[in-house]
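Now for the letters of each chain:
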There are 2 protein chains.
Amino acid sequence: MARAEFWYEFASTYSYPAAMRVEALAAARGVEVVWRPFLLGPLFAQAGWRDSPFNIYPVKGRYMWRDMERICASLGLPLTRPNPFPQNSLLAARVAASLDNDLCAQFTKAVYHAEFAEGSTISDRAVLGSLLAACGLDAEAAFAAAEGAENKATLKTGVERALGLGLPGSPCLVMEDGEVFWGNDRLEQGLDWALGKR
Amino acid sequence: MARAEFWYEFASTYSYPAAMRVEALAAARGVEVVWRPFLLGPLFAQAGWRDSPFNIYPVKGRYMWRDMERICASLGLPLTRPNPFPQNSLLAARVAASLDNDLCAQFTKAVYHAEFAEGSTISDRAVLGSLLAACGLDAEAAFAAAEGAENKATLKTGVERALGLGLPGSPCLVMEDGEVFWGNDRLEQGLDWALGKR
């Protein structure tokens, strides 16, 4: 079965509709999705950014929010601007990195919904704990695993791989041949590529 | 007839496939395209950039060139990297701003082809002169009109309008209701919007 890695940062706006769309698009093509949580911070630091470029460059920020409104409206997805934006995503990313692929997918979509549909604070342990419980997991045990040394190293290795792959942002689809497709609007093209369609 | 403005900078990479695609997409929908040459320099200056962000941020640059290779291959468009990149586009933009809409479209596509398919230097008067001649125009008369005070003011006004519209880059489609769609990959969505399709 063809596989594609879906790389995402929880604080990233365009990753929200992408996370909600990718499974159906992949299933329709018979492509397996491997969920790869990572952190944009180290990638942004490489570019000299200590904040979201959508905050640093207000013209791009204003365009992005309007674009997100159109995208979410067309998909029937609610959209609330997180406050603050961007959200601190470290704990959510650690939890996601500790889960097996199916649970990671379920938890990831729950986090994006809480963040961008409900406006919840995803750095809040109570918020993530209730999402974990809704996934059928013991929240305290999940946090303990997420914050263990082994899992912290797993996430760190993932971020280093993202840097090595040259990911320009989030979300990205990464193919087994190393091809990278950046953006919610490239999911279809990336999944077609996974099937050998150019 | 519904209208959409196509705003573009000659040095912009993604504007090349967009300029080659926009007329057929618009004609298929019965939308009129108004060609709007402008300059990204003043927009980039607002963001603090004195070079193309694709040069300032190498990770984004590498991704963009690979993305352009895929896009141009899928459209059957030749692609050569301009040297230097970005090209100085001031003279080409002045010429384009001086032409009526149909000639502007013809000249614009010829410039993009010279720049990105043939690797020609578009700041070179001889290069632009031969493109003007191929459009059936007297090159010297066209340059004189392009570099007259009135036309320089026309281009300057256009750039100020681009700043006022909050264009985040090039290319953009701008609707009569002020909606902005940024990128070669948003042409279809923008032209659908022009028809009232949301």
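Residues numbered from 1 in each chain as written. Chains lettered and ligands numbered in written order. Predicted model: local features only at pLDDT ≥ 70, side-chain atom pairs only at ≥ 80, totals over all residues. Heavy atoms only, no water.

For the match of chain B to chain A, the screw axis carries a shift of 0.0 Å, the RMSD comes to 0.0 Å, and the turn is 180°. The symmetry that links the two subunits is that of a two-fold axis. Using C-alpha coordinates, one finds that chain B approaches the rotation axis most closely at aspartate 185 of chain B, a distance of 4.0 Å. Here 100% of the interface residues in chain B have copies in chain A that are interface residues too; the copies meet face to matching face. (Least-squares fit on C-alpha atoms with pLDDT ≥ 70 in both. Contact = heavy atoms within 4.5 Å.)

Turning our attention to the pattern of salt bridges. Side-chain pairs of opposite charge can arise whenever the charged atoms involved come near each other. The tally for this structure, following the rule as stated, stands at 26 salt bridges over all chains. For glutamate 179 of chain B, the salt bridge is made with arginine 66 of chain A, and the minimal N-O distance between the two is 2.9 Å. Of the two residues, glutamate 179 of chain B sits in the loop between β3 (172-175) and β4 (180-182) while arginine 66 of chain A sits in helix α4 (residues 58-75), which places them in two different chains. In the salt-bridge network here, residues are joined through shared partners; they are Arg66, Asp67, Glu69, Arg70 and Asp185 of chain A together with Glu179 and Arg186 of chain B. (Salt bridge = Lys/Arg side-chain N within 4 Å of Asp/Glu carboxyl O. Helix = DSSP H or I, 4+ residues; strand = E, 2+ residues; numbered from the N terminus.)

Take the packing of helix α7 (residues 125-134) of chain A against helix α8 (residues 139-146) of chain A next. All names here are of chain A. At a minimum axis distance of 9 Å, the contact between α7 and α8 shows a crossing angle of 115°. In this view, α7 runs roughly perpendicular relative to α8, as classed from their interaxial angle. At the point where α7 passes α8, the crossing takes the right-handed sense. Here α7 contributes Arg125, Leu128, Gly129 and Leu132 to the contact with α8, which in turn contributes Ala139, Ala142 and Phe143. Tallied by class, residues from the contact of α7 with α8 come to five nonpolar, one polar and one charged. (Axes fitted to C-alpha atoms, helices over the stretch in contact; angles between N-to-C directions. Parallel < 35°, antiparallel > 145°, perpendicular 65-115°, else oblique. Left-handed = near helix turned anticlockwise from the far one by under 90°. Nonpolar A, V, L, I, M, F, W, Y, C, P; charged D, E, K, R; others polar.)

For the rest of this paragraph, the subject is the side chain of aspartate 67 of chain A. When you line up the elements, aspartate 67 of chain A lands in helix α4. A polar atom in the side chain of aspartate 67 of chain A sits 2.6 Å from the side chain of arginine 186 of chain B. Those residues within four positions of aspartate 67 of chain A in sequence are excluded, and the remaining contacts are Tyr14 of chain A together with Arg186 of chain B. (Polar contact = N/O pair within 3.5 Å; in protein donor to acceptor, adjacent residues only side chain to side chain.)

What follows is about the layout of surface pockets. By volume, the second largest pocket amounts to about 480 Å³. Lining the second largest pocket are 18 residues, with Arg186 and Gln189 of chain A together with Arg70, Ile71 and Ser74 of chain B positioned closest to its centre. The set of elements that each furnish at least two residues to the lining of the second largest pocket consists of α10 (187-194) of chain A together with α4 (58-75) of chain B. (1 Å grid on protein atoms, 1.4 Å probe; cavity = no way out; pocket = protein on both sides within 12 Å on 5 of 7 lines; lining within 4 Å. Points joined across faces, edges and corners; volume = space filled by probe spheres on them.)

All names here are of chain A. Ordered in space as β2-β1-β3-β4, the four strands form an open sheet in which the pairing is mixed. Pairing within the sheet leaves two strands with one partner each, and these edge strands are β2 (31-37) and β4 (180-182). Each neighbouring strand pair of the sheet contributes to a mean axis angle of 25°, computed without reference to strand direction. Two elements, strand β3 (residues 172-175) and β4, share three bridges in a ladder whose sense is antiparallel. Bridge pairing links valine 174 to valine 180 in β4. Contacts from helix α9 (residues 149-165) reach β1 (2-8), β2, β3 and β4 within the one sheet, and its direction differs from that of β1 by about 105°. Sitting on the sheet, α10 touches β1, β2, β3 and β4, and the angle it makes with β3 is about 10°. (Pairing = 2+ DSSP bridges.)

The biggest cluster of nonpolar side chains holds 136 residues, and the ones touching the most others in it are Phe6, Phe10 and Phe107 of chain A together with Phe6, Phe10 and Phe107 of chain B. Contact partners of phenylalanine 6 of chain A, with chain neighbours within four places excluded, come to Ser15, Ala18, Ala19, Val22, Val33, Val34, Trp35, Arg36, Pro171, Cys172, Leu173 and Leu187 of chain A. (Core = buried A, V, L, I, M, F, W, Y, C linked by side-chain atoms within 4.5 Å. Buried < 20%, exposed > 50% of the residue type's maximum accessible area, 1.4 Å probe, protein only.)

A complete count under the given rule lists 34 aromatic pairs over all chains for this structure. On the numbers, 5.4 Å between centres and 20° between planes, the contact of phenylalanine 6 of chain B with tyrosine 8 of chain B is stacked. Accessibility expressed as a relative area gives 0% for tyrosine 8 of chain B, which makes it buried. Centroid distance tryptophan 49 of chain B to tyrosine 57 of chain B: 6.2 Å. Interplanar angle 75°. Geometry classified as edge-to-face. Three or more aromatic residues joined by ring pairs form one cluster here, namely Phe6, Tyr8, Phe10, Tyr16, Trp35, Phe107, Tyr112 and Phe116 of chain A. (Phe/Tyr/Trp six-rings, centres within 6.5 Å; stacked < 30°, edge-to-face > 60°.)

Residues and elements named next belong to chain B. The N-to-C vectors of helix α5 (residues 90-98) and helix α6 (residues 101-117) enclose an angle of 160°; their axes lie 8 Å apart at closest approach. Between α5 and α6, the angle is such that the two are roughly antiparallel. Considering only the axes of α5 and α6, their crossing is right-handed. Contacts between α5 and α6 involve Ala92, Val95 and Ala96 on the former and, on the latter, Cys104, Phe107, Thr108 and Val111. Of the residues contributing to the contact of α5 with α6, the split by class is six nonpolar, one polar and no charged.

Contacts between chain B and chain A engage 22 residues on the former and 22 residues on the latter. Summed over both partners, the interface of chain B with chain A comes to about 2,100 Å²; 51% of that surface belongs to carbon and sulfur atoms. Scanning the region where chain B abuts chain A turns up eight salt bridges. A salt bridge links glutamate 179 of chain B to arginine 70 of chain A; the shortest N-O distance between them is 2.6 Å. In this assembly, chain B and chain A are joined by 17 residue pairs in polar contact (both at pLDDT 80 or more). For the side of chain B that touches chain A, the secondary structure elements donating two or more residues are α2 (41-47), α4, β4 and α10 (187-194) of chain B. In terms of residues, the side of chain B that touches chain A owes the most to one element, α4 of chain B, which gives seven residues. Among the residues making up the side of chain B that touches chain A, the classes are represented as 12 nonpolar, three polar and seven charged. (Buried area = accessible area lost by both parts, 1.4 Å probe.)

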